Amino acid sequence: MAKKITKICCIGAGYVGGPTMAVIAQKCPGIQVTVVDLNQARIAAWNDPDTENIPVYEPGLSAVVAEARGRNLFFSTNVDEAIAEAEMIFISVNTPTKTYGTGKGMAADLKYIELCARQIARVSKTDKIIVEKSTLPVRTAEAVKSILQNTGNNVQFQILSNPEFLAEGTAVEDLHAPDRILIGGDPTEEGQEALQALVDVYANWVPREKILTTNLWSSELSKLTANAFLAQRVSSINALSELCEHTGADVFEVARSIGTDSRIGPKFLNASVGFGGSCFQKDILNLVYIARSYGLQQVADYWEQVIIMNDHQKRRFGTKIVRTLYNTVSGKKIAFLGWAFKKDTNDTRESAAIYVADDLLNEQANIAVYDPKVTADQIQGDLNYLHSRSEAENSALVTAVTDPYECCKGAHAIAIMTEWDEFKTYDWERIYANMTKPAFLFDGRNVVDRKKLSDIGFKVYSIGK
Ligand SMILES: NC(=O)c1ccc[n+]([C@@H]2O[C@H](COP(=O)([O-])OP(=O)(O)OC[C@H]3O[C@@H](n4cnc5c(N)ncnc54)[C@H](O)[C@@H]3O)[C@@H](O)[C@H]2O)c1
Ligand SMILES: O=c1ccn([C@@H]2O[C@H](COP(=O)(O)OP(=O)(O)O[C@H]3O[C@H](CO)[C@@H](O)[C@H](O)[C@H]3O)[C@@H](O)[C@H]2O)c(=O)[nH]1
């Protein structure tokens, strides 16, 4: 019989830990869920009396938090206490690409995972089920197990892999009705009991047939594989978008034509300025690194091409802007509409906007940015992180503006970097009237009505047309 879980702790209150645990708490009122983090400001924001101020913007999330917080959902910085009390501990800390040492720029940095494992080992006095929620290289559970099992304090640990497949911007929807839940565990009796305990948690709202169980290594590798396949689709359509621009084919029509083939399917075929987000690039680089570490050169090269194509797509967008603006953007105002890596999120990690802006700043452009959910500090921080120029130069050249019409006023060109719905409803005649002429518009997301804007007078460039 699987143990009935009554207390869960989640280490990491980020884009995954916060929403995932909020939904578990919402759907399982009998389970006490405590989300802990070292970052005091983040925890304070999760505890903000006004749930509109929680640190992760996701449609529908503040309502879920409002329903469960204080009832059976808690946010705390007391990591030790939450670990000690819990029967099941999710590890949902960040696993960024390594920036130092062996595997720099490719491998996943597992130092936060190891710190969690060591802290759990030190604090635990009762048996626990440890759930890997973070995205991890295949066979990480082995290392976690080794740390936990060598503490000598006689506590039994079972390790499960339960990767998260939510996409930002639709996190709550994805968590309420997931395509599947994946749980990997040990084949031993104890391992299978632990696995069943987690199945029982999800079964509170997820149909049983959607809960897949596998061994640990399949589960870990499936997460990297899913992201690699998804990103590959984006790079594939983006590669074709460039060919479309040279041949008179329209990438939208090509995508629709191939997407109606049920073997291909219609999703994830939107050509864009390039994929961003904290996951795709990091996870593919990690996959490439793992393949290389096993000596599988062709496998590694195959997947690396997805990243190479994406870098090309971002770069050629910036180059197109410079070329079109008579080969110079020096001193010219370029208005960026959107900075987030996709709509309906305030997350900017690896957003294409950052890299296109960086290229244009190298050409001495002045950039004004409007994004409905991203703060000025975040934009400056993203650019400063690249270390391409001094922070003073970044702040002199880039201004965040809270009104889109103000952002576009006097601009030589507009670059649409995120597909926010509101961009479709703007008074484009008014924007056109206040721009420098000829007024160029570079639509990196194919969101605006190209014909309508051309009729107004804009010189419109759309990806893949
Ligand atoms: N963002 C997504 O959409 C998404 C989706 C699926 C999977 N993932 C994976 O989930 C993991 C977390 O991603 P995220 O976007 O939530 O990251 P994040 O950076 O938003 O959140 C991670 C949090 O963990 C905290 N943390 C780190 N070490 C800690 C420690 N030792 N003790 C307590 N707190 C600690 C950090 O302070 C941070 O707040 C990553 O492995 C990521 O690849 C992310
Ligand atoms: O047709 C498409 C689809 C997506 N994108 C871009 O691809 C990036 C990633 O988008 P998406 O996958 O929707 O968002 P993420 O939040 O990054 O979610 C991905 O990464 C998560 C973290 O691992 C996984 O959990 C999700 O399943 C996986 O979709 C964004 O920049 C999108 O604009 C396109 O350019 N064209």
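Residues numbered from 1 in each chain as written. Chains lettered and ligands numbered in written order. Predicted model: local features only at pLDDT ≥ 70, side-chain atom pairs only at ≥ 80, totals over all residues.

Per an unreviewed UniProt entry, the protein chain goes by the name UDP-glucose 6-dehydrogenase and belongs to Mucilaginibacter pedocola. Reading the Function (unreviewed entry) entry of the UniProt record for the protein chain gives the comment "Catalyzes the conversion of UDP-glucose into UDP-glucuronate, one of the precursors of teichuronic acid." (UniProt positions renumbered as here; feature names shortened; annotations may be inferred.)

Q: Is there a simple way to think about the domain arrangement of the protein chain in this case?
A: Accessible area lost when the parts come together is the quantity often used to give the size of an interface. Segmenting the protein chain into domains produces domain 1 (7-206) and domain 2 (308-462). Computed over C-alpha atoms, the centres of domain 1 and domain 2 are 36 Å apart. Between domain 1 and domain 2, the residue contacts involve six residues of the former and seven residues of the latter. Its residues placed into classes, the side of domain 1 that touches domain 2 shows three nonpolar, one polar and two charged. (Domains from an automatic or database assignment. Contact = placed C-beta atoms within 7 Å. Nonpolar A, V, L, I, M, F, W, Y, C, P; charged D, E, K, R; others polar.)

Q: How do you make sense of the pairing of strand β2 (residues 32-36) when you look at a structure like this?
A: When a strand is regular, its side chains alternate between the sheet's two faces. The buried count for β2 comes to four of five residues, which makes it a mostly enclosed element. The pairing of strand β1 (residues 7-11) with β2 spans five bridges and is parallel. Bridged to Lys7 within β2 is Gln32. For the handedness criterion, the β-α-β arrangement of β1, helix α1 (residues 17-27) and β2 is classed as right-handed. Strand direction decides the pairing type here: β2 and strand β3 (residues 73-76), joined by four bridges, are parallel. Of the residues in β3, the one forming a bridge with Val35 is Phe75. (Buried ≥ 20, exposed ≤ 12 C-beta atoms within 10 Å, placed from the backbone. Helix = DSSP H or I, 4+ residues; strand = E, 2+ residues; numbered from the N terminus. Pairing = 2+ DSSP bridges. Right-handed = clockwise from strand over helix to strand, strands pointing away.)

Q: I'm lost on the site of ligand 1 in this one. Help?
A: Taken together, 27 residues are adjacent to ligand 1, and Gly12, Gly14, Tyr15, Ser134 and Thr135 come closest. Of the residues in the shell around ligand 1, the class split is 13 nonpolar, 10 polar and four charged. (Near = placed C-beta within 6 Å.)

Q: I tried to follow helix α13 (residues 352-362) on my own but got confused; where do I start?
A: Since the α-helix turns once every 3.6 residues, residues separated by three or four places project in the same direction. Among the 11 residues of α13, eight are classified as buried, and the element is accordingly described as predominantly covered. If you check which residues of α13 are buried, you get Ala352, Ala353, Ile354, Tyr355, Val356, Ala357, Leu360 and Leu361. Where α13 ends, the next residue or the one after it, Gln364, has phi of about 65°, a positive value.

Q: Sorry, what's going on with the UniProt feature "active site" (unreviewed entry) in the protein chain here?
A: With numbering aligned to this structure, UniProt lists the feature "active site" (unreviewed entry) at Cys279. By the secondary structure assignment, Cys279 is in the loop between α10 (251-259) and α11 (280-293). Once residues within four sequence positions are removed from consideration, Cys279 is found in contact with Thr135 and Asn227.

Q: I keep staring at the sheet that holds strand β9 (residues 333-337) and nothing clicks. Help me out?
A: Within a beta sheet, neighbouring strands are joined by backbone hydrogen bonds and run either parallel or antiparallel to one another. Strand order in the open sheet made by the six strands is β11-β10-β9-β12-β13-β14, with parallel pairing throughout. Looking at which strands have only one partner, the edges of the open sheet turn out to be β11 (398-400) and β14 (459-462). Each strand of the sheet is rotated relative to its neighbour by a mean of 20°, with strand direction disregarded. Here four bridges tie strand β13 (residues 440-443) to β14, and the two strands are oriented parallel to one another. Looking at the pairing, Phe442 lines up with Tyr461 of β14. Running over the sheet, helix α12 (residues 297-324) touches β9, β12 (413-416), β13 and β14 and is turned about 170° from β13. (Axes fitted to C-alpha atoms, helices over the stretch in contact; angles between N-to-C directions.)

Q: Got a minute to help me understand the nonpolar core in this structure?
A: Taken as a class, soluble globular proteins show a tendency for nonpolar side chains to be buried jointly. Residues Ile89, Ile334 and Phe336 are the most contacted members of the largest nonpolar core, which totals 142 residues. Broken down by element, this core gets its largest block of residues, eight residues, from α13. Domain assignment of the residues forming this core places at least three in each of domain 1 (7-206) and domain 2 (308-462). Residues within four places of Phe336 in sequence aside, it is in contact with Ala353, Ala357, Ile367, Ala368, Val369, Ala415 and Met417. (Core = buried A, V, L, I, M, F, W, Y, C linked by C-beta atoms within 7 Å.)

Q: Help me understand the packing of helix α9 (residues 216-247) against α10 in this model?
A: When two helices pack together, their arrangement is given by the angle between their axes and by how far apart the axes lie. The interhelical angle for the contact between α9 and α10, taken along N-to-C directions, is 135°, at an axis separation of 9 Å. Classified by the angle their axes make, α9 and α10 are oblique. Between α9 and α10 lies a crossing whose hand is right-handed. Contact with α9, carried on its side by Ile237, Leu240, Ser241 and Cys244, involves Val251, Val254 and Ala255 of α10 and no other residues of that element. When the residues that make up the contact of α9 with α10 are grouped by side-chain class, the tally is six nonpolar, one polar and no charged. (Parallel < 35°, antiparallel > 145°, perpendicular 65-115°, else oblique. Left-handed = near helix turned anticlockwise from the far one by under 90°.)

Q: Honestly, unusual backbone geometry in this entry has me stumped. Any pointers?
A: With glycine set apart, most residues show a phi of negative sign, and most peptide bonds adopt trans. Omega for the bond connecting Lys437 with Pro438 falls within 30 degrees of zero, at -5°, which places this linkage in the cis form. Checked against the element boundaries, Pro438 lands in the loop between α17 (428-433) and β13. Backbone geometry places Tyr326, a non-glycine residue, at a positive phi of 60°. Its place among the elements puts Tyr326 in the loop between α12 and β9.

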